[in-house]
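Overview (structure and organization)
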Amino acid sequence: MSEGVRRRGRIGYLLLLPAAAWLLLFFVVPFYSLVATSLFDPSGSDFRGYEMDYAFGNYADVVRDYAGPFGRSLLYGALATLFCLVLGYVLAYAIAFKSGRWKNLLLVLVIAPFFTSFLVRTLSWKLILADDGVVVNTLQALQVLGDDGRLLATPVAVVAGLTYNFLPFMVLPLYASLDKIDHRLIEASGDLYANPFVGFFKVTWPLSLPGVVSGTLLTFIPAVGDYINAQFLGSTNERVIGNVIQSQFTDANNYPVASALSVLLMVLILAMVLVYVRRAGTEELL
Amino acid sequence: MSQDGPARRSTLSRRGVLKGGGAVAFAGVSVAALKLPFFSVPGAQQDPASCRARDVSEEEMSLVISNWTGYIDPRKDPKSTWKGFRESTGIKVDYNVDVNDNAEFYAKVKNQLGSCDPIDRDLIVMTDWMAARMIGLGWIQPLDKANVPQLHANILDSLRDKPWDPGLEHHAPWQSGLTGIAYNSAVTGEIKSFEELVTRPDLKGKITLLSEMRDTMGFLLKVAGADPGDFTEDEWHDALDLLKKAIADKQLRSFAGNNYLQELSGGNVVACEAWSGDVIQAQFENPDIKFVVPEEGLSLWSDNMLVPNQATHQANAEKWIDYYYDPAVAAKLASWVNYICPVAGAREEMEKIDSSLVDNPLIFPDDDLLSNTFDFMDLDDRQNAQYEREWADVTAG
């Protein structure tokens, strides 16, 4: 018995090896290099090279200089996650419980946009929301937007783009959770005189929480780091932290600051995720 | 007990392994902190004299070029300059359209050229300031003067003596152009100056500026009353403040690299800072688009052919350069790409091809126009780093 257990354990580690080697090579080593770069002397340049200076001041500098874009990233990410949750939950609920024989077709439709490139999907919103486009003209006619109002190059367009792009990441885990729910439990809540509303909040919602947690994580994490939506759908006033990292790295060749920003963003997201998962009480998900 | 025993054990030991691994890694990092890999990045300066490859042009009749998009006449056309080169020299050209942005291309090749490794290209095309930086870094091979006689004979005088490469030792302009303002005359009246572009209230939220620092800041320095060719740090900050104000006032839609004319044709943008050749090409489809020479003056730039270190077909590259400095070839190219032709004598050849282009000052500028141009100051390493960073902070902050 105990021999068998030990062998099973050893095989487990063997099975872990490829993934561990992969992570070591493509995550640990680059991350270590990234952290090291973030502590370089920021006055270096490509001509003179960069020296390790343990310049922890880089971190203080980026917090001071780029609090605005950091805040915008978190705000846009959070709003997009919230809208995805509301839209995605309704959709996933409908697919899981009400779609009947259309279920598979609807699931394919949720994933279908993924067959085109992320960039093309984002750029097509430029056409849809164009200043002379149908959407803006209609909203102007309805007096929702002023005569000179616009959607493109506003925070609205950025959050809408993020919501659109990451919606499937929310719908699929939600659907997986909802689909597993035993219908007899919901019927039982009805038998115990819970109205459908109470039944939802006492039975369906708690049982779908694992899907909610993984869906929000899968949406929030990439949405905070995304800068393509801000770049194409936002104006110069909607730049997010990803834009700053990109331009500090490629345009300004300011590798220490770009690295410090990347590390900080990573730590920030990790901390928020840990707190969130703790509070949601679904640690077994990780 | 025996049922849940194994599960608990394996959980514990897995956690133990993780903890142990973490501790070992931490100890290792702490001990090795004296001298670790990645703990410095050496300077990227190279010496082109020692960092060169054997030229195999004699044995291999081939040539690898990286250029910008829309910068050559259609290569499938049997009468194209490209086919002509193949026929007259027998050299097979691998022509890649993989330069989108100077800074981006620099980031792509920096690691190789900075450590004297080949980038598998024989000729690359970079804008003046980037060409200057690469030559300064020692990444570019000098051209053999004897192999490019037409370059030295036919280049326009105004392009001859650049402070960063006097005597054309390392570079040969491919095309030149002007930076100015384009606007859509169907939706807005004429825009006379750069100052109007960044301040006029009726343009609010409907303009774009170019994301190249020297293009945009050159004009803003002019607006601030400074000379872009020779400015002080205070003047730089005055100009940058103008830009910050324009952004705070939401005057700008965005900073654009290459796609600004789509926005202008599409109607989201009514006016923008633009490059002359792009505008002429766009005018064929949309005659409402106009190019204006701003009152502040004109910024004249060139995109330059450079032979990077470790290129293996330098002699073939020099044949290419020499071929394109033949006025007849240059005129044919100019009639297609519509940028300023850097070759003297091409104007006469253009008469035979398309006489409507001969008097276009944006392809063959006269001396009056050229006397009104300004250059951007040559920046040293520290200034360049500082200004590029401050620029990036404003444009992406």
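Residues numbered from 1 in each chain as written. Chains lettered and ligands numbered in written order. Predicted model: local features only at pLDDT ≥ 70, side-chain atom pairs only at ≥ 80, totals over all residues.

On to unusual backbone geometry, then. Residue and element names in this part refer to chain B. With a phi angle near 60°, lysine 250 is a residue other than glycine that sits in the positive phi range. Here lysine 250 shows up in the loop between helix H8 (233-248) and strand E7 (252-256). Owing to 14 C-beta atoms within 10 Å, lysine 250 belongs among the partly exposed residues under this scheme. Although it is not a glycine, asparagine 338 sits at a positive phi angle of roughly 65°. (Helix = DSSP H or I, 4+ residues; strand = E, 2+ residues; numbered from the N terminus. Buried ≥ 20, exposed ≤ 12 C-beta atoms within 10 Å, placed from the backbone.)

On to the interface of chain A and chain B. In many reports, interface size means the accessible area that the parts give up when they come together. Every contact between the two is made by 35 residues of chain A and, on the other side, 37 residues of chain B. Looking at the side of chain A that touches chain B, the elements with two or more residues in it are helix H1 (2-38), strand E1 (49-51), helix H3 (67-98) and helix H11 (241-251) of chain A. At six residues, the largest contribution of residues to the side of chain A that touches chain B is made by H11 of chain A. Split by residue class, the side of chain A that touches chain B holds 13 nonpolar, 14 polar and eight charged. The pairing of E1 of chain A with strand E1 (residues 40-42) of chain B spans three bridges and is antiparallel. Each bridged residue has a counterpart across the sheet, and for glycine 49 of chain A the counterpart in E1 of chain B is proline 42 of chain B. (Contact = placed C-beta atoms within 7 Å. Nonpolar A, V, L, I, M, F, W, Y, C, P; charged D, E, K, R; others polar. Pairing = 2+ DSSP bridges.)

By size, the foremost hydrophobic cluster in this structure holds 95 residues, and its most contacted members are Ala92 and Leu261 of chain A together with Ala182, Leu220, Ala271 and Cys272 of chain B. Those residues within four positions of leucine 261 of chain A in sequence are excluded, and the remaining contacts are Val62, Tyr66, Ile241, Val244, Ile245 and Gln248 of chain A. Counting 55 residues, the second-largest nonpolar core is a separate cluster that includes Ile124, Leu168, Ala311 and Ile321 of chain B. (Core = buried A, V, L, I, M, F, W, Y, C linked by C-beta atoms within 7 Å.)

Before going further, it helps to examine the environment of histidine 152 of chain B. Residue and element names in this part refer to chain B. Counting through the fold element by element, histidine 152 comes out in helix H5 (residues 149-154). When the 16 C-beta atoms within 10 Å are taken as the criterion, histidine 152 is described as partly exposed. Sequence separation between histidine 152 and glutamate 169 is 17 residues, and the spatial gap between their C-alpha atoms is 10.0 Å. Those residues in contact with histidine 152, other than ones at most four positions away along the chain, are Lys145 and Leu168.

So, about the pairing of strand E4 (residues 123-127) of chain B. Residues and elements named next belong to chain B. Counting buried positions along E4 yields five of five residues, so the element is predominantly enclosed. One ladder, built from two bridges, connects strand E2 (residues 62-68) with E4; its direction is parallel. Residue pairing across strands places isoleucine 65 opposite leucine 123, the latter belonging to E4. Inspection of the sheet shows E4 paired to strand E10 (residues 298-306) by four bridges, in the antiparallel sense. Bridge pairing in E10 places threonine 127 opposite aspartate 303.

Residue and element names in this part refer to chain B. When pLDDT is averaged along chain B, the result is 88, and 91% of the positions lie at 70 or above. Segment residues 1-12 is flagged for pLDDT under 50; beyond a separation of four residues in sequence, or across chains, it makes three contacts in the model. ipTM for the predicted complex: 0.81, alongside a pTM of 0.83. (pLDDT = per-residue confidence, 0-100.)

Residues and elements named next belong to chain A. The geometry of helix H8 (residues 183-191) relative to helix H9 (residues 196-225) is characterised by a closest axis approach of 10 Å and an angle of 145° between their N-to-C directions. For the pair H8 and H9, the crossing hand works out as right-handed. Two secondary-structure elements touch here, H8 through Leu185, Ile186, Ser189 and Gly190 and H9 through Gly199, Lys202, Val203 and Thr204. (Axes fitted to C-alpha atoms, helices over the stretch in contact; angles between N-to-C directions. Left-handed = near helix turned anticlockwise from the far one by under 90°.)

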